[in-house]
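# Fold and contact review
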Amino acid sequence: MTMGIWLTIALLLSLGGYAVYLAGLRRHLVEPNRASWLIWATAAGIEAATYAAVNPGAPQAWVFGLSAVACTVVTLTMWRRSRWRAPSPVEGICIAVSLAAIALWLAFHETFWAHMLVVAAVPISFWPTWVSVREDPARERSPAWGMWTLGDLATLIIAANSGATGIREYGYILVELGAHGSVWLMVGLLSLNPARSLGQRRGPFYVLDAYRPRPNPFAVGESHLGKAVFAARPFADGETLLRFSGRRVRGTPPEATGRQDRYVQIGPDEYLGPSGRVDDLINHSCDPNAGLRFGAGGVFLVALRPIAAGEEVSWDYSTTLKDSDWRMPCDCRAATCRGLIGNFDTIPSARQAWFVERELVAPYLLEEPALAVVKAA
């Protein structure tokens, strides 16, 4: 095939991948990691610009340039649906590398090394997505990853046919190929099916759909407290509702105060940060229908009694707090409302024993002698 045909194939696969990913995002069929996309949107523009500068006239530069624009569109769409949180150490490294690349390029005119620096940051920027997919492949099960991988292969053929030689022409292509291909492999090679992202179906059957999207068990709505999470289907007593998936943070985060606090204390000096997912929006209740259970696999929210479809999901924030200065007036409107959300010792002793017996308190709280006696009994 001619160079023009391969270029057309590469562009169609790359831009088509962004189109079906965006469709899946709008239909809530994918649950992307926002941190990775924010970094990719920033780095993609630098990579595309420096690649074109290092390899003037290279036809594959068009693929990278248009992909950078599409990546930014997806990120902006995602950003409007999310709220800001401080970057993790890995994300901070990627941001620092991108800024260093800009400095090398614009201030010192070191275009080649600026390009190589951002290329080196690509595998690091994929780390949050790899972790997310390892926890649940369904979060990224989109045909886009297969389309991007095949688009990278077409771009590799373009570079080879144009007489490209050396790392300056192949480095970026190979790194992108490896990164996209690894996610495609993790989510399943059979996910290369645009019908899934478009959500097409005939009656109860999805057209050519190897992975039928699971119905979302929760709905986000409004209560007298603001944003709230409601059960979209019934849950049985003892059933696991979800896993809290925020990153672990050492030390007391400065933003862990007030009603916008999304941190869960899991140790004397350790917190589970916001995940950007539905677990951030679950409200407190002094008479909750769910509680946190800590295990080797993570922190899980389990039903304390049968939960009906349409019922708000809640848990008692005080079941994880000890020696904390954090306090918040409570307006849960439960008959047993304590009026204040604070440390575990603000819960009546009989209720404390109830939570301990059901293993619904943070394990570090059991170091208290009184609670240890309750657990032993």
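Keep in mind the model is a prediction, meaning the values are calculated, not measured.

## Side note on the sheet that holds strand 5 (residues 240–244)
If you walk across this open sheet you meet the three strands as 5-11-10, and the pairing is antiparallel. Lying at the two open borders of the sheet, with one neighbouring strand each, are strand 5 and strand 10 (290–295). Direction aside, the axes of adjacent strands within the sheet are offset by 30° on average. Of the strand pairs in this sheet, strand 10 and strand 11 (residues 298–303) are connected by six bridges, and their pairing is antiparallel. By the bridge assignment, Arg293 is partnered in strand 11 with Phe300.

## Here's the deal with the nonpolar core
If you look at the biggest cluster of nonpolar residues, it comprises 28 residues, and the most contacted ones within it are Leu241, Phe244, Leu301, Val313 and Trp315. At the level of elements, strand 4 (226–231), strand 5, strand 7 (264–267), strand 10 and strand 11 are the ones that each hand at least two residues to this core. Tyr21, Ala70, Val74 and Ala144 belong to the second-largest nonpolar core, a separate cluster that totals 24 residues.

## Points about the confidence of the model for the protein
Overall, the predicted model of the protein reaches an average pLDDT of 79, with 81% of residues at or above 70. Across residues 206–213 the pLDDT falls below 50, and counting only partners more than four positions away or on other chains, this stretch makes 25 contacts in the model.

## With respect to the packing of aromatic side chains
One pass over the structure, following the stated rule, counts 11 aromatic pairs. When the ring of Phe64 is compared with that of Tyr172, the centres are 4.5 Å apart and the planes differ by 55°; the resulting orientation is tilted. Highlighted residues: Phe64 in helix 3 (residues 60–80) and Tyr172 in helix 8 (residues 167–187), separated in sequence by 108 residues. Of the residues examined, Tyr172 reaches a relative accessible area of 4% and is grouped as buried.

## With respect to the pattern of salt bridges
On inspection of all chains with the given rule, the structure shows six salt bridges. With a closest N to O distance of 2.8 Å, Arg305 and Glu311 form a salt bridge.

## Considerations on the packing of helix 1 (residues 3–26) against helix 7 (residues 144–161)
Contact pair helix 1 / helix 7: the axes reach a minimum separation of 8 Å and the direction vectors enclose 160°. Relative to helix 7, the element helix 1 lies roughly antiparallel. For helix 1 against helix 7, the interelement crossing comes out left-handed. Contacts between helix 1 and helix 7 involve Met3, Trp6, Leu7, Ile9, Ala10, Leu13, Ser14, Gly16, Gly17, Tyr18, Val20 and Tyr21 on the former and, on the latter, Ala144, Trp145, Met147, Trp148, Leu150, Gly151, Ala154, Thr155, Ile157, Ile158 and Asn161. Of the residues belonging to the contact of helix 1 with helix 7, the class tally is 17 nonpolar, six polar and no charged.

## Overview of helix 7
Taking 1.5 Å per residue, 18 residues should reach 26 Å; helix 7 reaches 25 Å between its end C-alpha atoms and fits that length. Taken together, the buried positions of helix 7 are occupied by Ala144, Trp145, Gly146, Met147, Trp148, Thr149, Gly151, Asp152, Ala154, Thr155, Ile158 and Ala159. Directly after helix 7, the chain includes Gly163, whose backbone phi takes a positive value near 80°.

## Structural notes on the packing of helix 6 (residues 127–135) against helix 8
Between two packed helices, what matters for the description is the angle formed by their axes and the separation of those axes. In the contact formed by helix 6 and helix 8, the axes pass within 10 Å of each other and the chain directions differ by 10°. Taken as axis vectors, helix 6 and helix 8 run roughly parallel relative to one another. Packed against helix 6, whose contacting residues are Thr129, Trp130, Val133 and Arg134, the element helix 8 presents Ala179, Ser182, Val183, Met186 and Val187 at the interface. Its residues placed into classes, the contact of helix 6 with helix 8 shows six nonpolar, two polar and one charged.

## Thoughts on the pairing of strand 4
Within strand 4, five of the six residues are buried, leaving the element largely enclosed by the surrounding structure. Alignment of strand 3 (residues 218–223) against strand 4, held across six bridges, turns out to be antiparallel. Within strand 4, the position partnered with Ser223 by the bridge is Gly226.

## Looking at unusual backbone geometry
For Arg333, which is not glycine, the phi torsion reads 70° and is therefore positive. Here Arg333 lies in the loop between strand 13 (328–329) and strand 14 (340–341). On the accessibility criterion, Arg333 (61% relative accessible area) is exposed. The backbone of Glu359 sits at a positive phi, close to 55°, despite the residue not being glycine.

Basis of the calculations
- Sequence order sets the numbering: in each chain, residues are counted from 1 along the sequence as written.
- Reporting of local features is limited, given that this is a predicted model, to residues whose pLDDT is at least 70; pairs of side-chain atoms are given and counted only at 80 or more, and all residues count toward the totals for whole chains, interfaces and linings.
- Note that the side-chain values use all heavy atoms of the structure and ignore hydrogens as well as water.
- In short, DSSP must find at least two bridges between two strands for them to pair.
- Secondary structure elements are taken from DSSP: a helix is a run of H or I of four residues or more, a strand is a run of E of two residues or more, and numbering for both begins at the N terminus.
- Angular values range over 0 to 180 degrees, each being the angle between N-to-C directions of two axes fitted as lines to C-alpha atoms, with helices fitted over their stretch in contact.
- We call a set of buried residues a nonpolar core when its members are Ala, Val, Leu, Ile, Met, Phe, Trp, Tyr or Cys and they connect through side-chain atoms within 4.5 Å of each other.
- When accessible area is computed with a 1.4 Å probe and restricted to protein chains, residues below 20% of their type maximum are described as buried, those above 50% as exposed, and intermediate ones as partly exposed.
- For every residue, the pLDDT score states the predictor's confidence, bounded by 0 at the bottom and 100 at the top.
- Whether two residues touch is decided by their heavy atoms; if any such pair falls within 4.5 Å, the residues are in contact.
- A pair of aromatic rings is counted whenever rings of Phe, Tyr or Trp (Trp by its six-membered ring) have centres within 6.5 Å, and the orientation is called stacked for planes under 30 degrees apart, edge-to-face for over 60 and tilted otherwise.
- A side-chain nitrogen of Lys or Arg and a carboxyl oxygen of Asp or Glu constitute a salt bridge if their distance falls within 4 Å.
- Roughly parallel means an angle under 35 degrees; roughly antiparallel means over 145; roughly perpendicular covers 65 to 115; every other angle is labelled oblique.
- Here a crossing is taken to be left-handed if its near helix is turned anticlockwise relative to the far helix by less than a right angle, and right-handed if that turn runs clockwise.
- Side-chain classes are defined by residue name, with Ala, Val, Leu, Ile, Met, Phe, Trp, Tyr, Cys and Pro counting as nonpolar, Asp, Glu, Lys and Arg as charged, and the others, Gly among them, as polar.
- In this scheme, a helix's expected span is set at 1.5 Å multiplied by one less than its residue total.

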